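These are the residues of each chain, in order.
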Protein chains: 2
Amino acid sequence: MYKEQYPSKLLEEAVDAIGSLPGVGRKSALRLALHLLRQPQENVHHFVDAIADLCDNVKYCKVCKMISDEDVCPICSDARRDHRTICVVENVRDVMSIEATGQFRGVYHVLGGIISPINGVAPSDLTISDLVKRLKEMEISPENPVEVILAISGDVEGETTAFYIFRQIAPLGVTVSSLARGLGFGDNLEYADSLTLGRSIVNRQPFKA
Amino acid sequence: MYKEQYPSKLLEEAVDAIGSLPGVGRKSALRLALHLLRQPQENVHHFVDAIADLCDNVKYCKVCKMISDEDVCPICSDARRDHRTICVVENVRDVMSIEATGQFRGVYHVLGGIISPINGVAPSDLTISDLVKRLKEMEISPENPVEVILAISGDVEGETTAFYIFRQIAPLGVTVSSLARGLGFGDNLEYADSLTLGRSIVNRQPFKA
């Protein structure tokens, strides 16, 4: 009797693989597998090769730990950027988001995650010691200051991580700052959560006309 | 100056590949690429191998054209199924959907698409001639009837395809039927579209108490 859900083991394994991606359910996985099956074989090989290539040959900038094709990424090797303002972020996507704003001319340091006991991520799993080493190699003095911006999520794990890093780097004489938090531009007071609204009152700023 | 959107060509190519899947946007593709990058290398290789394996080694049942690991699929080789009731469907997923109902004990014929001049799909791109050949090889007589159920979508292209197939197979002496259409079970009259409601009145059935 025909009882299996999938007519083919090969199909089932491909669906299992695709369905293991975050946010992709079994139905979508089947749809995607059958889509790939309808493509010319060379397209599918291009598809899988691009993914395998990324994971096999990816490099990280030895300065800021950003994904990069070079040993030192284009941002870290750009002399026109401010190398004494270091923005510490959780991951690659954060760098891309901040770069997309076009508002930041400093450099980055990519942590590769945030401290999370629940997910088993300890400080040693992140690039915090690399950041400390990087700062120690810079000459820091009141005339030659270095600013570290902790651009980390505002949730509990993010704040823990920020505080942990703060304690590691504050003794090195750097200025530590964090992202401004408050209502978004264009946000309506009515729909703001009370924590954000409360903090944006406490941290109010001089009015600029 | 750092102007590209992606920090790495490898990453960009993987995002291009993943973003080529239907329903996967650039942002999701980036999220998925970075997810894969965080996985152990052997998991990623398992992922890409499963997909390449499916597309390289997939077989189709030589009787019904369903995806299968054998030359003849488990449905076609199951002697307990009714091989004289053939359900014609558009694709593999339709077979899986009908099998999941557990209501059909006949066999299938998978067209591999529907006739669509807009998408450049001609009758010769489908397995219609295989169906005709399959039926011609069966002995069909009033004592030994064969029923072909055209279980094809009710849109214009689906109806065109069904009509085309009907004209090809009707001369062979088979009984041709199509799926019952009407309100879904539990559907409310108020929310039914007028075409469906109209047809379900015209095609009303004897009340079964």
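Scroll up for the structure.
The structure contained in this document is the topic of the report that follows. Since the model is a prediction, treat every value here as computed from it, not as a measurement.

Procedures and definitions
- Residues numbered from 1 in each chain as written.
- Chains lettered and ligands numbered in written order.
- Predicted model: local features only at pLDDT ≥ 70, side-chain atom pairs only at ≥ 80, totals over all residues.
- Heavy atoms only, no water.
- Salt bridge = Lys/Arg side-chain N within 4 Å of Asp/Glu carboxyl O.
- Buried < 20%, exposed > 50% of the residue type's maximum accessible area, 1.4 Å probe, protein only.
- Helix = DSSP H or I, 4+ residues; strand = E, 2+ residues; numbered from the N terminus.
- Pairing = 2+ DSSP bridges.
- Right-handed = clockwise from strand over helix to strand, strands pointing away.
- Least-squares fit on C-alpha atoms with pLDDT ≥ 70 in both.
- Contact = heavy atoms within 4.5 Å.
- Buried area = accessible area lost by both parts, 1.4 Å probe.
- Polar contact = N/O pair within 3.5 Å; in protein donor to acceptor, adjacent residues only side chain to side chain.
- Patch = residues over 30% accessible without salt bridge, like charges linked within 9 Å, V, L, I, M, F, W, Y side chains within 5 Å.
- Areas by Shrake-Rupley, 256 points an atom, 1.4 Å probe, with all protein chains shown as cover.
- Lys, Arg positive; Asp, Glu negative; His and termini not counted.
- Charge placed at Lys NZ, Arg CZ, Asp CG, Glu CD.
- Axes fitted to C-alpha atoms, helices over the stretch in contact; angles between N-to-C directions.
- Parallel < 35°, antiparallel > 145°, perpendicular 65-115°, else oblique.
- Left-handed = near helix turned anticlockwise from the far one by under 90°.
- Nonpolar A, V, L, I, M, F, W, Y, C, P; charged D, E, K, R; others polar.
- 1 Å grid on protein atoms, 1.4 Å probe; cavity = no way out; pocket = protein on both sides within 12 Å on 5 of 7 lines; lining within 4 Å.
- Points joined across faces, edges and corners; volume = space filled by probe spheres on them.

As for the pattern of salt bridges
Next, step 1: Here the structure, examined in full by the defined rule, presents 12 salt bridges over all chains.
Next, step 2: Across the salt bridge formed by A:Lys133 and A:Glu137, the nearest N and O atoms sit 3.7 Å from each other. Of the two residues, A:Lys133 and A:Glu137, both sit in the exposed class.
Next, step 3: The residue B:Arg26 makes a salt bridge to B:Asp16 at a minimum N-O spacing of 2.6 Å. Pair noted here: B:Arg26 is in helix 2 (residues 26-38) and B:Asp16 is in helix 1 (residues 9-19), with a separation of 10 residues, a long-range link.
Next, step 4: B:Asp16 sits in the partly exposed class, given a relative accessible area of 36%.

Some thoughts on the pairing of strand 4 (residues 106-110) of chain A
Residues and elements named next belong to chain A.
Next, step 1: Counting buried residues along strand 4, 5 of its 5 residues qualify, which places the element largely inside the surrounding structure.
Next, step 2: Both strand 3 (residues 82-89) and strand 4 contribute to a ladder of 5 bridges, which runs parallel. The partner of cysteine 87 across the bridge, within strand 4, is tyrosine 108.
Next, step 3: Taken together, strand 3, helix 4 (residues 92-101) and strand 4 form a β-α-β motif whose crossover is right-handed.

With respect to the relation of the copies chain A and chain B
The two chain copies are related to each other by a rotation about an axis together with a translation along it.
Next, step 1: The two copies are related by a screw motion: chain A maps onto chain B through a turn of 180° and a shift of 0.0 Å along the axis, at an RMSD of 0.1 Å. Classification of the inter-copy transformation places it as that of a two-fold axis. For chain A, the residue whose C-alpha comes nearest the rotation axis is A:Val48, separated from it by 2.6 Å.

Quick notes on the interface of chain A and chain B
Next, step 1: Tallying the contact residues gives 53 residues for chain A and 53 residues for chain B.
Next, step 2: Together chain A and chain B conceal approximately 5100 Å² of surface at their shared face, both sides included; 73% is due to carbon and sulfur atoms.
Next, step 3: Summed over the shared surface of chain A and chain B, the number is 0 salt bridges.
Next, step 4: Our count for the chain A to chain B interface comes out at 10 residue pairs in polar contact (both at pLDDT 80 or more).
Next, step 5: Examining the composition of the side of chain A that touches chain B, we find that 13 residues originate from one element, helix 3 (residues 41-57) of chain A, more than from any other.

Let's talk about a positive patch on the surface
Next, step 1: A contiguous patch of positive charge, built from A:Lys27, A:Arg31, A:Arg38 and B:Arg93, is present on the exposed surface.
Next, step 2: Per-element tally for the positive patch: the top contributor is helix 2 (residues 26-38) of chain A, with 3 residues.
Next, step 3: On the secondary structure map, A:Lys27 appears in helix 2.

Some words on the packing of helix 3 of chain A against helix 1 of chain B
Next, step 1: As a packed pair, helix 3 of chain A and helix 1 of chain B sit with axes 8 Å apart at the nearest point and diverge in direction by 150°. Considering their axes alone, helix 3 of chain A and helix 1 of chain B lie roughly antiparallel with respect to each other. Classified by chirality, the crossing of helix 1 of chain B by helix 3 of chain A is left-handed. Contacts from A:Phe47, A:Ala50, A:Ile51, A:Asp53, A:Leu54 and A:Asn57 of helix 3 of chain A reach helix 1 of chain B at B:Leu10, B:Leu11, B:Glu13, B:Ala14, B:Ala17 and B:Ile18.
Next, step 2: Within the contact of helix 3 of chain A with helix 1 of chain B, the residues separate by chemical class into 9 nonpolar, 1 polar and 2 charged.

A word on the side chain of B:His109
Residues and elements named next belong to chain B.
Next, step 1: Tracing the chain through its elements places histidine 109 in strand 4 (residues 106-110).
Next, step 2: By relative accessible area, which is 0% here, histidine 109 ends up buried.
Next, step 3: A distance of 3.1 Å separates a polar atom in the side chain of histidine 109 from a polar atom in the side chain of arginine 134.
Next, step 4: Residues contacting histidine 109, with those up to four places away along its chain left out, are Val63, Cys64, Lys65, Ile86, Cys87, Val88, Val89, Thr127, Asp130, Leu131 and Arg134.

Some thoughts on empty space enclosed by the protein
Next, step 1: In the structure shown here, the tally under the stated rule is 1 cavity of 30 Å³ or more.
Next, step 2: Considered as a void within the structure, the largest cavity measures approximately 60 Å³ in volume.
Next, step 3: Every residue lining the largest cavity is listed: A:Ile18, A:Leu21, A:Leu32, A:Leu36, A:Phe47, A:Ile51, B:Ile18, B:Leu21, B:Leu32, B:Leu36 and B:Phe47.
Next, step 4: If you list the elements that add at least two residues to the lining of the largest cavity, you get helix 2 and helix 3 of chain A together with helix 2 of chain B.
Next, step 5: Classifying every residue of the lining of the largest cavity by side-chain character gives 11 nonpolar, no polar and no charged.

Brief notes about the sheet that holds strand 4 of chain A
Residues and elements named next belong to chain A.
Next, step 1: If you walk across this open sheet you meet the 4 strands as 4-3-5-6, and the pairing is parallel. In the strand order of this sheet, the two ends are held by strand 4 and strand 6 (175-178), each with one partner. Across the sheet, the axes of successive neighbouring strands diverge by a mean angle of 30°, strand direction being ignored.
Next, step 2: Packed on one face of the sheet, helix 5 (residues 128-136) meets strand 3, strand 4 and strand 5 (147-150) and runs near 145° to strand 4.

Section: a negative patch on the surface
Next, step 1: On the surface, a cluster of negative charge is contributed by A:Glu13, B:Asp49, B:Asp53 and B:Asp56.
Next, step 2: No other element matches helix 3 (residues 41-57) of chain B, which puts 3 residues into the negative patch.
Next, step 3: Tracing the chain through its elements places B:Asp56 in helix 3.
Next, step 4: Accessibility expressed as a relative area gives 33% for B:Asp56, which makes it partly exposed.

So, to be careful, I would describe these as geometric facts and stop short of saying anything about function.
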